Each structure stands twice: as structure tokens, then as C-alpha cells.
Amino acid sequence: MRNFLIGIIALAFLSIGNWYVQSGGFVNKSDFEEVVEHALKYRDGLKVIHKEKNQDYGVVVYHAEDEELNENLYLGFFKKTNEEWQ
């Protein structure tokens, strides 16, 4: 029985650790800058051109180049609900 409980606890820690690594860590969702940085963290070749926010909405304009040298502008829209940026 003891080995079974140790196995369950180890599995729980592995699952939490795997989630933590994949999500890039814990993000303070009440901080607009941190949420934007996390959202764009794993996307190569992006350059933020402009960020603007008010109390309820945030917009990020960013530039991206693909492998064929096509350049594109993108717009990221963030909304604050329950004191957290989504």
C-alpha cells in the first residue's frame, strides 16, 4: 500500500512538472505586459511594434516574417475579465 501511495504522489508531481514546463511557468494574468510576453514567447520571428491597453481591453500589433520573406502585420486582442487578461 505504501508503494502505491508513493507512486501516485510521484505521478502527480510529474504531471504538474510537465504542465509547468509546457506552459512556460506561472503567469501573472493581472499583468498585461506579462500575459502578452507569454502569449508571444514561443513564436519565432515576431517583433512587437505597438502595445496599447485601457482598463478592459488591450491590443498588440506585431510584425512577422515567414521563410519565404513574406512580411505580415498581426493584431493581438486581449480582454480583461475578472481582473485577469485573456
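Going by the structure above, here's the rest.
Residue numbers run consecutively from 1 along every chain, following the written order of its sequence. Per-residue local features are limited, in this predicted model, to residues with pLDDT of at least 70; the limit for side-chain atom pairs, both in listing and counting, is 80 or more; totals at the level of whole chains, interfaces and linings are taken over all residues. Calculated side-chain values reflect all of the structure's heavy atoms, with hydrogen atoms and water omitted.

1. Quick word on the overall build of the protein chain
Along the backbone of the protein chain there are two helices and four strands. Ordered by position from N to C terminus, the α and β elements of the protein chain give α-α-β-β-β-β. The buried share of the protein chain, reckoned over its 86 residues, is 16%. For the protein chain, the exposed area adds up to about 7200 Å²; of that, 55% sits on carbon and sulfur atoms. In DSSP terms, a helix is any run of H or I states spanning at least four residues, a strand is any run of E spanning at least two, and both are numbered starting from the N terminus. The buried label goes to any residue with under 20% of its type's maximum accessible area, the exposed label to any with over 50%, and the partly exposed label to all in between, with areas taken from a 1.4 Å probe on protein chains only. In short, Shrake-Rupley with a 1.4 Å probe defines the accessible areas, and a residue's cover is counted only from the protein chains shown.

2. Some remarks on the pairing of strand E1 (residues 46–53)
Counting buried residues along E1, only zero of its eight residues qualify, which leaves the element largely exposed. Should DSSP find at least two bridges between two strands, the strands are taken to pair. Sheet topology note: the E1/strand E2 (residues 57–65) ladder contains seven bridges and is antiparallel. Looking at the pairing, Val48 lines up with Tyr62 of E2. Linking E1 to E2, which pair antiparallel, is a turn of three residues.

3. Quick word on the sheet that holds E1
In spatial order, the strands read E1-E2-E3-E4; together these four strands make up an open sheet with antiparallel pairing. The open sheet has two edge strands, E1 and strand E4 (84–85), and neither has a second partner. Each of E1, E2, strand E3 (71–81) and E4 touches helix H2 (residues 32–40); the most contacted strand, E1, lies at about 155° to it. Only heavy atoms enter the contact rule, under which two residues are in contact if any of them lie within 4.5 Å. Helix axes are fitted only over the stretch in contact, all axes being lines through C-alpha atoms; the angle between N-to-C directions runs from 0 to 180 degrees.

4. A short note on the nonpolar core
By nonpolar core is meant a set of buried Ala, Val, Leu, Ile, Met, Phe, Trp, Tyr and Cys residues that side-chain atoms within 4.5 Å join together. Counting residues in each nonpolar core, the largest one holds eight residues, listed as Phe32, Val35, Val36, Leu40, Val60, Tyr62, Phe78 and Trp85. In terms of residues, this core owes the most to one element, H2, which gives four residues. Discounting chain neighbours no more than four positions away, the residues touching Val36 are Lys51, Val60 and Phe78.

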